[in-house]
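Here is how the chains run, residue by residue.
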There are 2 protein chains.
Amino acid sequence: MGNFRLTIAYDGSRYNGWQRLGGSAGGTIQGRLEGVLAQLCGHPVEIQGAGRTDAGVHARAQVASVALSGDFTPEEVAAYLNRYLPDDIAVTDCRRAAPRFHARLSAQGKRYLYRLWTGQAPDVFRRKYLTPWREPLELAPMEEAAGLLLGRHDFRSFCANRRTKKSTVRTLTRLDIQRLGEEVCLTFEGDGFLYHMVRILTGTLLEVGTGKRPPSSMPALLAARDRSQAGPTAPARGLILDEVFYPQEVLAL
Amino acid sequence: MGNFRLTIAYDGSRYNGWQRLGGSAGGTIQGRLEGVLAQLCGHPVEIQGAGRTDAGVHARAQVASVALSGDFTPEEVAAYLNRYLPDDIAVTDCRRAAPRFHARLSAQGKRYLYRLWTGQAPDVFRRKYLTPWREPLELAPMEEAAGLLLGRHDFRSFCANRRTKKSTVRTLTRLDIQRLGEEVCLTFEGDGFLYHMVRILTGTLLEVGTGKRPPSSMPALLAARDRSQAGPTAPARGLILDEVFYPQEVLAL
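This structure is a prediction, so every number in the text was calculated from the model and none was measured. (Residues numbered from 1 in each chain as written. Chains lettered and ligands numbered in written order. Predicted model: local features only at pLDDT ≥ 70, side-chain atom pairs only at ≥ 80, totals over all residues. Heavy atoms only, no water.)

Caption draft 1: Quick peek at the overall build of chain A. Counting secondary structure elements, chain A contains six helices and ten strands. Over its C-alpha trace chain A gives a radius of gyration of 19 Å, about what one expects of a compact globule, namely 18 Å for 253 residues. Over its C-alpha atoms, taken along the principal directions, chain A stretches across nearly 60 × 40 × 35 Å. Counting all 253 residues of chain A, 56% fall into the buried class. A separation of at least 24 residues holds for 72% of the contacts in chain A among residues at least 6 apart in sequence. Accessible area for chain A stands at about 11300 Å²; split by element, carbon and sulfur atoms hold 50% of it. Within chain A, the 26 negative side-chain charges are centred at a point lying 6 Å from the centre of the 33 positive side-chain charges. (Helix = DSSP H or I, 4+ residues; strand = E, 2+ residues; numbered from the N terminus. Rg over C-alpha atoms; globule rule 2.2 N^0.38 Å. Buried < 20%, exposed > 50% of the residue type's maximum accessible area, 1.4 Å probe, protein only. Contact = heavy atoms within 4.5 Å. Areas by Shrake-Rupley, 256 points an atom, 1.4 Å probe, with all protein chains shown as cover. Lys, Arg positive; Asp, Glu negative; His and termini not counted. Charge placed at Lys NZ, Arg CZ, Asp CG, Glu CD.)

Caption draft 2: Expanded view of the packing of aromatic side chains. Tallied over the full model, the rule gives twelve aromatic pairs over all chains. Above the ring of Phe101(A), the side-chain terminus of Arg5(A) is found at 5.8 Å from the ring centroid. (Phe/Tyr/Trp six-rings, centres within 6.5 Å; stacked < 30°, edge-to-face > 60°. Lys NZ or Arg CZ within 6 Å of the ring centre and 35° of its normal.)

Caption draft 3: Fine view of the interface of chain B and chain A. Counting residues at the interface gives 21 residues for chain B, matched by 21 residues for chain A. Buried surface at the junction of chain B and chain A, both sides included, amounts to about 1500 Å², of which 64% is carbon and sulfur. Interface area lost by chain B to chain A is led by Val124(B), Phe125(B) and Arg127(B), which between them contribute 41%. Along the contact surface separating chain B from chain A lie four salt bridges. Listing elements by their share of the side of chain B that touches chain A, those giving two or more residues are β1 (2–10), β3 (58–68) and β4 (89–97) of chain B. Examining the composition of the side of chain B that touches chain A, we find that four residues originate from one element, β4(B), more than from any other. The class makeup of the residues in the side of chain B that touches chain A is twelve nonpolar, three polar and six charged. (Buried area = accessible area lost by both parts, 1.4 Å probe. Salt bridge = Lys/Arg side-chain N within 4 Å of Asp/Glu carboxyl O. Nonpolar A, V, L, I, M, F, W, Y, C, P; charged D, E, K, R; others polar.)

Caption draft 4: Region of interest: unusual backbone geometry. All names here are of chain B. Phi is positive for His-196, close to 70°, though the residue is something other than glycine. Its place among the elements puts His-196 in the loop between β9 (183–190) and α4 (197–209). For Arg-225, which is not a glycine, the phi torsion comes out positive at approximately 50°. You can see Arg-225 is positioned in the loop between α5 (218–224) and β10 (239–245).

Caption draft 5: Structural detail: the pattern of salt bridges. A complete count under the given rule lists 36 salt bridges over all chains for this structure. The salt bridge partner of Arg60(A) is Asp242(A), with a shortest N-O separation of 2.8 Å. Residue Arg60(A) is located in strand β3 (residues 58–68), and its partner Asp242(A) is located in strand β10 (residues 239–245); the two are separated by 182 residues in the primary sequence. By relative accessible area, Arg60(A) is classed as partly exposed at 39%. The salt bridge partner of Glu207(B) is Arg213(B), with a shortest N-O separation of 2.8 Å. Bridged by salt links that share partners, the residues Arg60(A), Arg111(A), Arg174(A), Asp176(A), Glu189(A), Asp242(A) and Glu243(A) form one connected network.

Shown next, in the form of structure tokens:
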């Protein structure tokens with residue numbers, strides 16, 4: 001009996017996101033993991049993920065917590081999962097965790113990357129992880145807009161769930177835009193992200209980068225608290241959950 | 001009317017190799033390219049590839065030549081192909097070529113990479129391009145064996161086509177073995193490669209790296225001219241045609 005912290009990489013292309021839904025457990029990452037863990041333990045198991053990635057979104061290092069009955073070492077849990085999981089989901093790390101550790105509730109922040117491919121010809125080997133982008137992009141105005149989005153704000157304009165009664169205030173601590181050859185990579189770090197927030201921020205910054213929206217309009221857009229004033233939701237394919245951050249004391253056993 | 005030189009990248013995972021076969025043109029890279037070019041030109045077109053990669057083998061820069069009727073610019077040909085090809089095949093370059101240019105007959109040499117993944121957990125994002133390898137590998141004896149394979153030899157022991165009456169003499173000009181984190185990459189350069197030659201060389205070097213075969217046995221293995229004395233054929237998945245070399249004068253218009 002013990003609590004475990006798993007680090008999980010997945011190619012989300014063929015899944016209906018992280019979160020298990022009533023009837024389609026096999027089509028979600030959580031459902032696949034729980035299925036293999038139930039087989040290991042001999043009874044149903046519930047696993048908690050740090051981020052509920054959407055359909056088609058990938059993860060380099062999703063974190064999950066799970067309490068398992070039985071006397072398994074972390075190495076046994078990881079080896080069993082990697083043996084029975086499909087080849088687009090992998091456990092890259094598994095450790096014992098304190099009983100109070102909860103992957104989502106204990107998380108302090110997350111990093112997401114949104115990657116665009118601007119080349120004339122597609123990159124066939126990474127085609128599932130990059131969103132093709134063919135319009136000329138000006139990075140300087142995007143960076144200016146990004147600077148105005150940093151900090152603690154009500155991000156309701158960037159939230160796809162229009163009826164939420166929960167707080168939509170979040171702190172964005174990093175929003176970098178880098179060109180790496182034909183790739184353009186947007187890096188987002190913050191204490192939490194609303195439903196579709198990274199993808200709507202990306203869609204809005206792409207409008208800035210193509211001259212459709214001035215960087216100086218960001219404060220008014222935040223103040224509007226109105227999803228319909230922001231840009232489109234960028235496709236899931238280019239988004240990857242890159243890292244989840246925890247306070248040091250939460251990781252201690 | 002003109003001759004073109006195309007550079008093509010593909011994820012070979014779901015194809016039955018480069019070469020079109022009677023009934024299954026759609027399942028080969030050559031068949032797919034010819035299908036789109038026929039649509040462009042309005043009549044059947046034949047394209048020649050530099051290397052006939054096997055089923056499941058990838059290419060970063062396969063080269064092909066094709067003579068097209070009609071008045072197309074190289075940009076138009078590339079754009080049309082990239083528009084209608086499936087997303088696991090891409091034309092990364094297209095230029096006019098001299099009428100005498102033939103992708104296979106004009107080639108002077110090729111570079112292939114064979115890549116292994118030795119990590120405990122699979123690399124989910126590159127799972128289709130790396131062969132998993134879990135036994136401990138000693139690189140020093142592999143390098144010693146590689147040194148004995150360099151140069152001009154009869155490679156019949158490393159040829160899967162046992163009945164060929166053609167010469168099996170080839171010159172191997174480079175065989176490097178590098179560890180890059182959890183990846184082990186074998187680089188092969190030579191004037192030509194026999195059927196399955198890179199994969200049988202890899203399978204044999206993996207036997208050397210796991211202590212099943214001494215490096216010093218390479219000269220006798222070459223001299224045997226007997227496929228059954230070499231190691232197994234490594235899986236297609238880890239193999240990629242990385243570059244095709246041409247003499248400068250052949251590339252001139």
